[in-house]
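The chain contents come next:
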Amino acid sequence: MKNIAIFASGNGSNFQAIVDAIEGGKLHANLKLLVCDKPGAFVIERAKKADVPVYSFNPKQFASKTAFEEAIYEQLKKCDVDYIVLAGYMRLIGAFLLEKYPGRIINIHPSLLPAFPGKDAIAQAVSAGVKVTGVTIHFVDEGMDTGPIIAQRAVEIADGETEEEVAEKIHAIEHVFYPETLENLLNEKCWKVLES
Ligand code: GAR
């Protein structure tokens, strides 16, 4: 089984969905570490409850992005992490970690990329008046939500639906779709399906 670290900055509902999928036998992976760049974030409480070790740090206490990524890397090495899974980590991954984990950093984003990258993707979609948005899971590169796409799910926006209502639908999909896609990717099930 692959060893994973989740990087998150906020509420951590996707972190929780991955924990639950592992506990429920739907995702075969060892969750070794939560990395959090916001020491007060609720995701840290979730990790403590689930007995997942936490490395939290304040980026402002480091001289540069490379300096805090080096500190993160020390923790990842200790846990022998194979893949980094971003789940609401609201920060670009820098050259240092990209080089250490080529093709092994995955992100989830609440839109059908390349539409609506960056922050507030759900609000961007609602205010643009699109009728379909969705969820994208992709490999991370140096850009903002720009790496190669692994999988996508569409979500319809009905007339008059609010941002909160769309967010609820998107999150419900994310919580199933992310563990499923990780299971396929980490355990190479997508290739087995293609071969059969
Ligand atoms: C999720 O909707 C995720 O797709 C989004 O942040 C939310 C985190 O929620 N990520 C991005 O916007 C990345 N650009 P959570 O903390 O409850 O998992």
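Residues numbered from 1 in each chain as written. Predicted model: local features only at pLDDT ≥ 70, side-chain atom pairs only at ≥ 80, totals over all residues. Heavy atoms only, no water.

A. Region of interest: the side chain of Glu183. With respect to the helices and strands, the residue Glu183 is situated in helix H6 (residues 163-186). Reaching out from Glu183, the side chain makes a polar contact with the backbone nitrogen of His28 at a distance of 2.7 Å. (Helix = DSSP H or I, 4+ residues; strand = E, 2+ residues; numbered from the N terminus. Polar contact = N/O pair within 3.5 Å; in protein donor to acceptor, adjacent residues only side chain to side chain.)

B. Expanded view of the side chain of Asp145. Locating Asp145 in the fold gives a position in the loop between strand E6 (132-139) and strand E7 (149-156). For the buried Asp145, which has no salt bridge, the nearest side chain bearing the opposite charge is Lys119, at an N-O separation of 11 Å. There is a polar contact of 3.2 Å between the side chain of Asp145 and the side chain of Asn107. (Buried < 20%, exposed > 50% of the residue type's maximum accessible area, 1.4 Å probe, protein only. Lys, Arg positive; Asp, Glu negative; His and termini not counted. Salt bridge = Lys/Arg side-chain N within 4 Å of Asp/Glu carboxyl O.)

C. Quick peek at the pattern of salt bridges. Under the counting rule described, the total for this entry stands at five salt bridges. A salt bridge links Lys77 to Glu74, with the shortest nitrogen-to-oxygen separation between them at 3.4 Å. One end of the pair is Lys77 and the other is Glu74, both in helix H3 (residues 65-78) and three residues apart, which spans about a single turn. Salt-bridge contacts for Lys131 lead to Asp159; the nearest nitrogen and oxygen are separated by 3.0 Å. In this pair, Lys131 sits in the loop between helix H5 (121-128) and E6 while Asp159 sits in the loop between E7 and H6, placing the two residues 28 residues apart along the sequence. The same class applies to Lys131 as to Asp159, namely exposed.

D. Molecular detail of helix H2 (residues 42-49). Those residues of H2 not exposed but buried are Val43, Ile44, Arg46 and Ala47. Along the long axis of H2, the arc covered by the buried residues comes to 160 degrees, so they all point the same way. Exposed residues lying more than 90 degrees from the buried face of H2 are Lys48 and Lys49. Looking at the buried positions of H2, the neighbouring elements they touch are strand E1 (2-8), helix H1 (13-23), strand E2 (29-36) and strand E3 (54-56). Following H2 by one or two positions, Asp51 has its phi on the positive side, about 60 degrees. (Arc of directions from axis to C-beta. Contact = heavy atoms within 4.5 Å.)

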